[in-house]
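Letter by letter, the chains look like this.
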Amino acid sequence: MNVYKEPRTVYIGGLGRTKRIGIGGDQPVTIQTMWKESITTLVDDAEARSQLINSIGKLQRLGCNILRFAVPDKPSAQALVKIAAETDMPLVADIHFDYRLALECLKGNIAAIRINPGNIGKRDRVEKVVNACREKGTAIRIGVNTGSLPEDLEKMVEKGSLTRALALSETAARETAVFEELKFDQVVVSMKSSSVKETIDANEAFAQKYDIPLHIGVTEAGPLIGGIIKSTLAFSTLLNENIGSTIRVSLSSAPENEVIAGREILKECGKRNGGVTIVSCPRCGRQGFDVHAFVDRWQNELLSLDKNITVAVMGCIVNGPGEGKHADLGIAGAGDKAIIFRRGEIMRTIDAKDADKIFREELYSL
């Protein structure tokens, strides 16, 4: 039987108005996503930054705890500093190659720096980032993936003398050793592969030896359906072994969908409670109500509510109060009408054209 280390707690945030969040230990598993657009032009565009802040608020209400931004240049770093001053969401700066960008970001309330020491360059550059983070009280995430293995380990993988999963784990071990030498322990590690099995095996191997909190994810997981399937398989295995302190569902889709997928996975794995649960039928030839369109219109608003309820959206009377009778609030088709029900009891019969209006009234009366 494998025995995995209990991860220590690493704290991020807490500067300025930024929330302070614990990762690891007995802290809840957090959800992350990554902003999909460039912020290079936002440094001098207050209106665009305001729109971005509004979008961050929407992600928070959906359940996002941490948001990462790519920082490929100095204007991006300067823009991120301004963004971090205007939101309480902990923001992570994703840095590759140029350590000076990390130092630029640390001029603001950045919650964490994500680096790959292997592509930052010489040891002294890593030390400069570590020392700046130590002074600021900022955590570091070491990001390792299958595309950034050291040359000697890559050759061993090619020869078949080492699995790629163990190569990922060994790469992470080597990089964390640098931080241990520098006596910096506010570190989170991620080891990501596009393979579910490699992701699982790498994280299991590392968790057997180290108490460092793990950020888990399947990298380049693909489009919505395939990406969610891969992430669910990997996360459910690892989370059920109590491996993984923070997660990101990487999708070729909107960040909102990454957050929603993450919260649903955590709920089904017993790692997150509360919030709105949506149950809806797949629709069939009996439908008297356009379930798909209704769910599309309402999903994000429902999932953003601070209510611990179940909402059912059903296409017909068969699936309505019957199969959805456990719902706190439900709506279903009934011929050319729609019905509103609570706990299986029909409360109102309405014209379908009034469905959104009446549903809203009933929802906010709960």
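Up top is the structure.
If you're wondering where the values come from, they're calculated on a predicted model, not measured in any experiment.

Chemist: I tried to follow the packing of helix α11 (residues 291-303) against helix α13 (residues 355-363) on my own but got confused; where do I start?
Modeler: Helix-helix packing: each pair is described by the crossing angle between the helix axes and the interaxial distance. Close contact between α11 and α13 brings their axes to 12 Å; oriented N to C, the two are set at 25 degrees. Between α11 and α13, the crossing angle belongs to the class labelled roughly parallel. The two elements α11 and α13 meet at a crossing, and its hand is right-handed. Touching Phe 294, Arg 297, Trp 298, Glu 301 and Leu 302 of α11 are Ala 355, Asp 356, Phe 359, Arg 360 and Leu 363, all from α13. Classifying every residue of the contact of α11 with α13 gives 6 nonpolar, no polar and 4 charged.

Chemist: Is there a simple way to explain the sheet that holds strand β12 (residues 310-314) in this structure?
Modeler: Ordered by their spatial adjacency, 5 strands build an open sheet running β11-β12-β13-β14-β15, and the pairing between neighbours is mixed. A strand with exactly one partner marks an edge of an open sheet, and here the two such strands are β11 (277-280) and β15 (345-351). Shown here is a sheet whose adjacent strand axes are inclined to one another by a mean of 20 degrees, direction ignored.

Chemist: Is there a simple way to explain the packing of aromatic side chains in this structure?
Modeler: The geometry of an aromatic ring pair is captured by the separation of the ring centres together with the interplanar angle, meaning the angle of the planes. Applying the stated criterion across every chain yields a total of 6 aromatic pairs. With a centroid separation of 6.4 Å and 45 degrees between ring planes, the pair formed by Phe 179 and Phe 184 is classed as tilted. Taken together, a centroid distance of 5.9 Å and an interplanar angle of 25 degrees make the contact between Phe 294 and Trp 298 stacked. Linking Phe 294 with Trp 298, this pair stays in helix α11, spanning 4 residues, or about one helical turn. What makes Phe 294 buried here is its relative accessible area of 0%. Since its relative accessible area comes to 2%, Trp 298 is described here as buried. Taken together through their ring pairs, the aromatic side chains of Phe 294, Trp 298 and Phe 359 make up a single cluster.

Analysis parameters
- Residues numbered from 1 in each chain as written.
- Predicted model: local features only at pLDDT ≥ 70, side-chain atom pairs only at ≥ 80, totals over all residues.
- Heavy atoms only, no water.
- Axes fitted to C-alpha atoms, helices over the stretch in contact; angles between N-to-C directions.
- Helix = DSSP H or I, 4+ residues; strand = E, 2+ residues; numbered from the N terminus.
- Parallel < 35°, antiparallel > 145°, perpendicular 65-115°, else oblique.
- Left-handed = near helix turned anticlockwise from the far one by under 90°.
- Contact = heavy atoms within 4.5 Å.
- Nonpolar A, V, L, I, M, F, W, Y, C, P; charged D, E, K, R; others polar.
- Pairing = 2+ DSSP bridges.
- Phe/Tyr/Trp six-rings, centres within 6.5 Å; stacked < 30°, edge-to-face > 60°.
- Buried < 20%, exposed > 50% of the residue type's maximum accessible area, 1.4 Å probe, protein only.

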